[in-house]
Amino acid sequence: MMATTKRPGRWKPGESGNPRGRKPGSGEVGKLRTSIAKHVPEIITKLVEQAKGGDPGAARLLLERVIPPLKAAEQPAPIDLPDGALSEQGRAVLAAAGTGTLAPGQAAQLLAGLGALAKLIETDELAARIAALEARSGKQS
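*Asks:* Hey, could you run me through the nonpolar core in this one?
*Replies:* Here is a general trend for soluble globular proteins: nonpolar side chains tend to be buried in one another's company. In this structure, V93, A96, L102, A107 and L114 together form the largest nonpolar core, which totals five residues. At the level of secondary structure, the elements contributing two or more residues to this core comprise helix 4 (86–99) and helix 5 (104–137).

*Asks:* Could you clarify how one ought to interpret the pattern of salt bridges in this entry?
*Replies:* If the charged atoms of two oppositely charged side chains come close together, the side chains can form a pair. Throughout the structure, instances matching the rule amount to two salt bridges. For E64, the salt bridge identified is with R60, shortest N-O distance 2.8 Å. With E64 and R60 both in helix 3 (residues 56–66) and four residues apart, this pair spans about one turn of that helix. Under the relative-accessibility criterion, E64 is labelled partly exposed at 32%. Across the pair E88 and R91 runs a salt bridge whose closest N-O atoms are separated by 3.0 Å. Highlighted residues: E88 and R91, both in helix 4, separated by three residues, approximately one helical turn. The class for E88 is partly exposed, based on a relative accessible area of 40%.

*Asks:* Just checking my understanding: could you explain the packing of helix 4 against helix 5 for this structure?
*Replies:* A pair of packed helices can be characterised by two numbers: the angle between their axes and the separation between those axes. Their axes nearest at 10 Å, the elements helix 4 and helix 5 cross at an angle of 175°. Classed by the angle they form, the pair helix 4 and helix 5 counts as roughly antiparallel. In contact with L86, Q89, G90, V93, L94 and A97 of helix 4, helix 5 contributes A107, L110, L111, L114, L117, A118 and I121. Grouping the amino acids of the contact of helix 4 with helix 5 by side-chain chemistry returns eleven nonpolar, two polar and no charged.

*Asks:* Looking at this structure, I do not really get helix 2 (residues 40–52). What am I missing?
*Replies:* The first and last C-alpha atoms of helix 2 sit 18 Å apart over 13 residues, in line with the 18 Å expected at 1.5 Å per residue. Phi for G54, located one or two positions after helix 2, is positive at around 105°.

Conventions adopted
- Residues numbered from 1 in each chain as written.
- Predicted model: local features only at pLDDT ≥ 70, side-chain atom pairs only at ≥ 80, totals over all residues.
- Heavy atoms only, no water.
- Core = buried A, V, L, I, M, F, W, Y, C linked by side-chain atoms within 4.5 Å.
- Buried < 20%, exposed > 50% of the residue type's maximum accessible area, 1.4 Å probe, protein only.
- Helix = DSSP H or I, 4+ residues; strand = E, 2+ residues; numbered from the N terminus.
- Salt bridge = Lys/Arg side-chain N within 4 Å of Asp/Glu carboxyl O.
- Axes fitted to C-alpha atoms, helices over the stretch in contact; angles between N-to-C directions.
- Parallel < 35°, antiparallel > 145°, perpendicular 65-115°, else oblique.
- Contact = heavy atoms within 4.5 Å.
- Nonpolar A, V, L, I, M, F, W, Y, C, P; charged D, E, K, R; others polar.
- Expected span 1.5 Å × (residues − 1).

Everything listed here is a matter of coordinates, which is why it stays silent on function.
In structure tokens, the structure reads:
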């Protein structure tokens, strides 16, 4: 086993060898952003003019940056899940997604929630079975 020795002049834990570091924005990306930032007001003015003139690309770009696009298919949709087995509830979610009642993203979220619930139920059941086995054998945790 090799012994590690501290060399004099090394930094202490948590200290940097270059505490001042490189100035933020001094790299290539920072220079590019600074260059573009000077022209942003002119760019926005031009985009507004183009959008008003009927350019759908300019209008779309402006609106997407100001108002997030609405996704009608992703609006919350109520769904009745059957009581009982989680597998039946999962089938109901898949059927609703198949008929278009639920958006695919919503179906995925519901299935993930059902999967998490199944794991919690399984953990509870295993804990109860272990407790019963320990009680039967006379051991206590």
